[in-house]
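One letter stands for each residue in the lines below.
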Amino acid sequence: MMKVALLGAGWFGREAHLRNLIRMEGIEVAAVSSRSEESLSAARELAGPSLHCTRNWKELVGSHELDAVIVSLTNDQHYVATIAALEAGKHVLCEKPLGLSLRQCDEINECAATSGKVLQVGHEMRFQALYEEMKARIERGDVGALQLMWCREFRGPMRPGWRSKESLTGGTILEKNVHHIDLFHWMIPGKAVRVSAHGGTNVLSDREVLDNARVLIEFEEGRRATLELCLFAPSGGECEIGVCGDEGRIDTRNQALELTYHSFNEGTSETKVVEDDDTAANFTDGSGRVDRGIGPELEHFFECIRTGKKPLNDGESAREAVAVCLAAQESIRRKESVTMAEFEKG
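Structural notes, computed from the coordinates. This structure is a prediction, so every number in the text was calculated from the model and none was measured. What you see as residue numbers is a count from 1 along each chain, following the sequence as written. Local features are withheld for residues below a pLDDT of 70 in this predicted model, meaning they are given only at 70 or higher, and side-chain atom pairs are given and counted only at 80 or more; totals for whole chains, interfaces and linings count all residues. The side-chain values count all of the structure's non-hydrogen atoms but skip hydrogen atoms and water molecules.

**Quick word on the packing of aromatic side chains**
As a reminder of what qualifies: Two rings from Phe, Tyr or Trp (for Trp, the six-membered ring) form a pair when their centres are within 6.5 Å of each other. A pair whose planes differ by under 30 degrees is stacked, one over 60 is edge-to-face, and the rest are tilted. Under the scheme applied here, a residue whose accessible area is under 20% of the maximum for its type counts as buried, over 50% as exposed, and between as partly exposed, the area being computed with a 1.4 Å probe on protein chains only. As a reminder, the over-ring test applies to NZ of lysine and CZ of arginine, requiring each to be within 6 Å of the ring centre and within 35 degrees of the ring normal.
Here the structure, examined in full by the defined rule, presents two aromatic pairs. Aromatic side chains Phe301 and Phe302 sit 5.3 Å apart centroid to centroid with 50° between the ring planes, which places their arrangement in the tilted category. For the pair formed by Phe301 and Phe302, the shared burial category is buried. A cation sits over an aromatic face here: Arg152 above Phe154, 4.4 Å from the ring centre.

Here it is as structure tokens:
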């Protein structure tokens, strides 16, 4: 039996992680932490009255009984909690983003390498069946040489509270769109070389963070990805992600679970529904949409611990996504393009 602690049993920690963990064979949720007594009570309702609860996550990481921890704290605590857990000899699944700066990401990755423990980052979209299908089609050559990728997301606001604060999230693009930018890196060959972005807080004036953005990412060999985000459209929107190569195009719709493939050579199109395994405990996010992939992501984490396999979403890949998110936010502040070589130098 593998014993795990959940650091951060707030709404997301419970709905995304705890609901899945308590369904998994061979996994015991030994303890959870939260600064909120209400959250701890809700965690006990899910996992049972004997669940060990504390308001201080630091009390848990040093426990010799634990094999692993899930870091689901506010973004500004990911760095210190992940470092503490790795140094205490624990395997770590850290929610995204890995850190709020490249220095934090680098230090976490160095600590993971020294510890010899598994470090996985919460980019669960890689584990959604819809995007696994998309990735497989790209790799078998359905679109030919991939040239363009895009994500268009119009949705309602994120949940109120700490997600409205720049200092706690690291900014909208890092908090919200690191998922999509991680998918760009997973699908597109090569490295990002330049980022150009525009954005603002046009409608949700009670928040510190952006409520809309447009981001263009240039990759090696002229490949490009674009992100279009709106957080003040509570109805009528989808998360539309697509790719286009010289021989075909793939369009996906996240909530409909639809994938449409267009073959340029054959002049044909086909649409299919790509459903996830129904054994996972999916959850509804702050804008009323179903989020998927957490269950398979957790299963992958525990498999990597048991076998020593490198995680699909490891610390190095997470750092790439963080770098582009931060570069995009810097581009918005400076009102000019930012090269990744320049940004890496600081």
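**Brief notes about the packing of helix H6 (residues 129-139) against helix H9 (residues 178-187)**
The criterion, for reference: Orientation is described by lines fitted to C-alpha atoms, with helices fitted over the stretch in contact, and by angles between N-to-C directions that extend from 0 to 180 degrees. Numbering goes from the N terminus for both helices and strands, where a helix is a DSSP run of H or I of at least four residues and a strand is a run of E of at least two. If an angle is under 35 degrees, it is roughly parallel; if it is over 145, roughly antiparallel; if it lies from 65 to 115, roughly perpendicular; otherwise it is oblique. Helix crossings are classified by the rotation of the near helix relative to the far one: an anticlockwise turn of less than a right angle makes the crossing left-handed, while a clockwise turn makes it right-handed. Throughout, a residue-residue contact means that at least one pair of heavy atoms, one from each residue, lies within 4.5 Å. Each residue gets one label: Ala, Val, Leu, Ile, Met, Phe, Trp, Tyr, Cys and Pro are nonpolar, Asp, Glu, Lys and Arg are charged, and the others, such as Gly, are polar.
Direction vectors running N to C along H6 and H9 enclose 25°, while the axes themselves pass 10 Å from each other. The angle between H6 and H9 falls in the class roughly parallel. Between H6 and H9 the crossing geometry is right-handed. Within the contact between the two elements, H6 uses Tyr131, Glu132, Met134, Lys135 and Ile138 and H9 uses Leu183, Trp186 and Met187. Classifying every residue of the contact of H6 with H9 gives six nonpolar, no polar and two charged.

**Remarks on the environment of Ile332**
Take Ile332: it is sitting in helix H11 (residues 315-334). With relative accessibility at 14%, the residue Ile332 sits in the buried group. Beyond its immediate sequence surroundings of up to four residues, Ile332 is in contact with Ile173, Ala197, His198, Gly199 and Leu210.

**Some points on unusual backbone geometry**
Lys96 connects to Pro97 through a cis peptide bond whose omega is -10°. Here Pro97 shows up in the loop between strand S5 (91-95) and helix H5 (102-115). One non-glycine residue, Glu221, adopts positive backbone phi at about 60°. Mapping Glu221 onto the fold places it in the loop between strand S9 (212-219) and strand S10 (224-230).

**So, H6**
Of all eleven residues in H6, eight are buried; the element is thus mostly enclosed. Ala129, Leu130, Tyr131, Glu133, Met134, Lys135, Arg137 and Ile138 are the residues of H6 that are buried. Tucked into the core, H6 has its buried residues touching strand S7 (146-154), H9, strand S11 (239-245), strand S12 (248-253), strand S13 (258-263) and strand S14 (268-273). Gly141 lies just past H6 and shows a positive phi near 90°.

**Some points on the sheet that holds S12**
What counts is decided by this rule: Pairing between strands is defined by DSSP: at least two bridges between them are needed.
Across the sheet, which stays open at both edges, the nine strands sit in the order S14-S13-S12-S11-S7-S10-S9-S8-S17 with mixed pairing between neighbours. The open sheet is flanked by S14 and strand S17 (338-339), the only strands paired with a single partner. Relative to S9, strand S8 (residues 192-200) is paired through eight bridges, and the arrangement is antiparallel. Within S9, the residue paired with Gly200 across the bridge is Asn212. Strand contacts of H6: S7, S11, S12, S13 and S14, with the helix running at about 175° to S12, the strand carrying the most contacts. Where H9 meets the sheet, its contacts fall on S7, S8, S9, S10 and S11, and the angle it forms with S7 comes to roughly 165°.

**A closer look at the environment of Val193**
For Val193, the location among the structural elements is in strand S8. Each C-alpha atom of the pair Val193 and Glu218 lies 5.7 Å from the other, and the pair is 25 residues apart in sequence. Residue contacts for Val193: discarding those within four places in its chain leaves Glu218, Phe219, Glu220, Thr339 and Met340.

**Let's talk about the side chain of Ser39**
Assignment of secondary structure puts Ser39 in helix H2 (residues 37-47). Judged by its relative accessible area of 12%, Ser39 is buried. Non-local contacts of Ser39, meaning those with residues more than four positions away in its chain, are made with Ala9, Gly10, Arg14 and Ser34.

**What about helix H10 (residues 294-307)?**
Using the following cut-off: A helix is expected to reach a length of 1.5 Å times the quantity of its residues less one.
With 14 residues, H10 extends 20 Å between its outermost C-alpha atoms, agreeing within 8% with the 20 Å of an ideal straight helix rising 1.5 Å per residue. Ile294, Gly295, Glu297, Leu298, His300, Phe301, Phe302, Cys304 and Ile305 are the residues of H10 that are buried. Following H10 by one or two positions, Gly308 has its phi on the positive side, about 80°.

**Here's the deal with the packing of helix H4 (residues 78-87) against H5**
Packing of H4 against H5 brings their axes to within 9 Å, and their N-to-C directions diverge by 10°. Taken as axis vectors, H4 and H5 run roughly parallel relative to one another. Every residue of H5 that contacts H4 at Tyr79, Thr82, Ile83, Leu86 and Glu87 is listed here: Arg103, Gln104, Glu107, Ile108, Cys111, Ala112 and Ser115. Grouping the amino acids of the contact of H4 with H5 by side-chain chemistry returns six nonpolar, three polar and three charged.

**A word on the environment of Thr339**
Quick note on the threshold: Throughout this description, a polar contact denotes any pair of N or O atoms lying within 3.5 Å of each other; where both atoms belong to protein, one of them has to be capable of donating a hydrogen while the other can accept it, and for residues adjacent in sequence the pair is counted only when both atoms sit in side chains.
Inspection of the secondary structure puts Thr339 in strand S17. Using a relative accessible area of 31% as the deciding quantity, one classes Thr339 as partly exposed. In this structure, the C-alpha to C-alpha distance between Thr339 and Ser36, residues 303 residues apart in sequence, is 42 Å. Residues within four places of Thr339 in sequence aside, it is in contact with Val193 and Arg194. Looking at Thr339, its side chain comes within polar contact range of the main-chain nitrogen of Glu342, at 3.1 Å.

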